[in-house]
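Coordinate analysis (summary)
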Amino acid sequence: MTRVLSDTGPRFNIRPKTVAFANSKGGVGKSTLALLMALGLATRHRDASVSLIDLDPQATSSDSLKRFCDSRFSVVSDSKNYEDGSPNNESIINHIHSQRSRRYKKRFAVIDSPAGIEPNKSSFLFHCDVLLIPTSMSDADIFATRKYLEKLHRLFQTHENRRSFPPPALVILPNLVDSRDEFNELRFALQKESAYLGKPLYYSPAFRRAFREQRNDDNIKMIFKQAQPYTLWLTSLLTQSHRLEKRPKDLFQL
Ligand SMILES: Nc1ncnc2c1ncn2[C@@H]1O[C@H](COP(=O)(O)OP(=O)(O)OP(=O)(O)O)[C@@H](O)[C@H]1O
Ligand SMILES: [Mg+2]
């Protein structure tokens, strides 16, 4: 006898594959990469629903992406998610688990967060499969990224949630990279970090136009054309996140 599962049945209660973009540092590419991830997942996985959850009151990524919303693609920009400079974990977790398009078997949630988000107040991170940490090559950003990682490790080692949830895989994403030499310098600077290191995304003027308000989507098409191999790699990181289960002792280049 075939067992029919309703929309609220156990198969649909499974959490969507969830990724957060975060770093205490501003301007490192969190929103740009969240945009690439969300649209990349929606175009590559036509049988899946994708939800972008924008925690940033500036609403950079959600403002730009709301024109693409349909039954499969949704944007959540709820002021309750981030109040008085702190994430409202309960509200964020509710948004992750209660995505609109429950009729899709495959579901993804992409979280874009604002600069200055404190790891010790971010227990919603226990509900993510992967945490992507963009950084630029500047000394200031690398220093801030190191400090941010230190605080994340503390959260995952001390928070009571650690008994119930595995921590997300931590992947540093080098962004705004000028040259292979610069990327190698970054790798050297972060070599002792217990995290994965992603592929570099090189500086390209097209990315500066990612959030431009315009009636057609030529700017987005241009970005996707240029960043196609990178976007493919980025989206696979989430779909294949089970491969990142082991926490590397030192920096591990993907
Ligand atoms: N690879 C890139 N090449 C060129 N420009 C880029 C690249 N990545 C991001 N940018 C540009 O850098 C600026 C900062 O990017 P973005 O807004 O994504 O950073 P953010 O980390 O989300 O910033 P905030 O902390 O303010 O939310 C933007 O103007 C964006 O267009
Ligand atoms: Mg941003």
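Check the entry above for the structure.
The present account deals with the structure reproduced in this document. Note that the coordinates shown come from a computational prediction; the quantities given were computed from them, not determined experimentally. Residue numbering note: each chain is counted from 1, following its sequence as written. Throughout, the order in which chains and ligands are written sets their labels, letters from A for the former and numbers from 1 for the latter. Residues qualify for local features only when their pLDDT is at least 70, as the model is predicted, and side-chain atom pairs are given and counted only at 80 or more; totals for whole chains, interfaces and linings, by contrast, use all residues. To obtain the side-chain values, all non-hydrogen atoms of the structure were included, while hydrogens and water were left out.

Viewed as axis vectors pointing N to C, helix H7 (residues 218-226) and helix H8 (residues 228-239) meet at an angle of 80°, and their least axial separation amounts to 4 Å. Classified by the angle between their axes, H7 and H8 sit roughly perpendicular to one another. On the side of H7, the interface is formed by Phe 224, Lys 225 and Gln 226, while H8 contributes Gln 228, Pro 229 and Thr 231. Each residue belonging to the contact of H7 with H8 can be placed in one class, and the counts come to two nonpolar, three polar and one charged. Here an angle of 0 to 180 degrees is reported between the N-to-C directions of two axes, which are lines fitted to C-alpha atoms, with helices fitted over the stretch in contact. Strands are runs of DSSP state E lasting at least 2 residues, helices are runs of H or I lasting at least 4, and numbering of each runs from the N terminus. Roughly parallel covers angles under 35 degrees, roughly antiparallel covers those over 145, roughly perpendicular covers 65 to 115, and oblique covers all other angles. The criterion used for residue contact is that any of the two residues' heavy atoms lie within 4.5 Å. Three categories are distinguished: nonpolar for Ala, Val, Leu, Ile, Met, Phe, Trp, Tyr, Cys and Pro, charged for Asp, Glu, Lys and Arg, and polar for the others, with Gly belonging to the last.

It is worth spelling out the pairing of strand E1 (residues 17-21) at this point. In terms of burial, E1 is a largely internal element, four of the five residues being buried. Two strands pair under a simple rule: DSSP has to find at least two bridges between them. Across five bridges, the pairing between E1 and strand E6 (residues 106-112) is parallel. Following the sheet pairing, Lys 17 is matched in E6 by Phe 108. Where E1 meets strand E7 (residues 130-135), three bridges bridge the pair, whose relative direction is parallel. Bridge pairing in E7 links Phe 21 to Leu 132. The buried label applies to any residue whose accessible area, calculated with a 1.4 Å probe on protein chains only, is under 20% of its type's maximum; exposed applies above 50%, and partly exposed to all values in between.

By convention in this text, a residue qualifies as near a molecule or strand provided that one of its non-hydrogen atoms is within 4 Å of it. Neighbouring ligand 1 are 17 residues; Lys 30, Ser 31, Thr 32, Asn 175 and Phe 207 lie closest to it. Counting of polar contacts relies on pairs of N or O atoms within 3.5 Å, with two restrictions inside protein: one atom must be capable of donating a hydrogen and the other of accepting it, and residues adjacent in sequence are counted only when both atoms are side-chain atoms. Thr 32 is positioned with one of its side-chain polar atoms (N or O) 2.5 Å from an oxygen atom of ligand 1. One of the backbone nitrogen or oxygen atoms of Tyr 202 is found 3.2 Å away from a nitrogen atom of ligand 1. Expressed as a share of its isolated accessible area of 630 Å², the protein-covered part of ligand 1 is 85%. Mapped onto the shell around ligand 1, the elements with two or more residues apiece are helix H2 (30-44), strand E8 (169-177) and strand E10 (201-202). Ranked by the residues each element gives to the shell around ligand 1, the list is headed by H2, at three residues. Taken together, the residues of the shell around ligand 1 break down into seven nonpolar, seven polar and three charged. With residues, only the protein chains shown are counted as cover, and all accessible areas are computed by Shrake-Rupley using a 1.4 Å probe.

Nonpolar side chains in soluble globular proteins tend to end up buried together. The criterion is simple. A nonpolar core is a set of buried Ala, Val, Leu, Ile, Met, Phe, Trp, Tyr and Cys residues joined through side-chain atoms within 4.5 Å. Of all hydrophobic cores here, the largest spans 38 residues; its most connected members are Phe 21, Leu 36, Met 37, Val 110, Leu 132, Leu 173 and Leu 234. Going through the elements one at a time, E1, H2, strand E2 (48-54), E6, E7, E8, H7 and H8 are the ones with two or more residues in this core. Setting aside anything within four residues of it in sequence, one finds Met 37 in contact with Val 19, Phe 21, Val 110, Leu 132, Leu 234, Thr 235 and Leu 238. Counting residues in each nonpolar core, the second largest holds 34 residues, with Leu 55, Ile 96, Leu 131 and Ile 133 among its members.

Geometry of aromatic contacts follows a simple scheme: Phe, Tyr and Trp rings, the Trp one being its six-membered ring, pair when their centres are within 6.5 Å, and the pair is stacked under 30 degrees between planes, edge-to-face over 60, tilted otherwise. Inspection of the entire model under this criterion finds three aromatic pairs. Centre to centre, the rings of Phe 126 and Phe 156 are 5.3 Å apart; their planes meet at 90°, and the pair counts as edge-to-face. Of this pair, Phe 126 sits in the loop between E6 and E7 while Phe 156 sits in helix H5 (residues 139-158), and the two are 30 residues apart along the sequence. Judged by centre distance (5.6 Å) and plane angle (45°), the rings of Tyr 230 and Trp 233 are tilted. Of this pair, Tyr 230 and Trp 233 both sit in helix H8, three residues apart, which is roughly one turn of the helix.

One way to put it is that H2 packs onto H8 with a least axis distance of 9 Å and a crossing angle of 80°. Taken as axis vectors, H2 and H8 run roughly perpendicular relative to one another. Two secondary-structure elements touch here, H2 through Leu 33, Leu 36, Met 37, Gly 40, Leu 41 and Arg 44 and H8 through Tyr 230, Thr 231, Leu 232, Leu 234, Thr 235, Ser 236, Leu 238 and Thr 239. Here the residues of the contact of H2 with H8 are counted per class, giving eight nonpolar, five polar and one charged.

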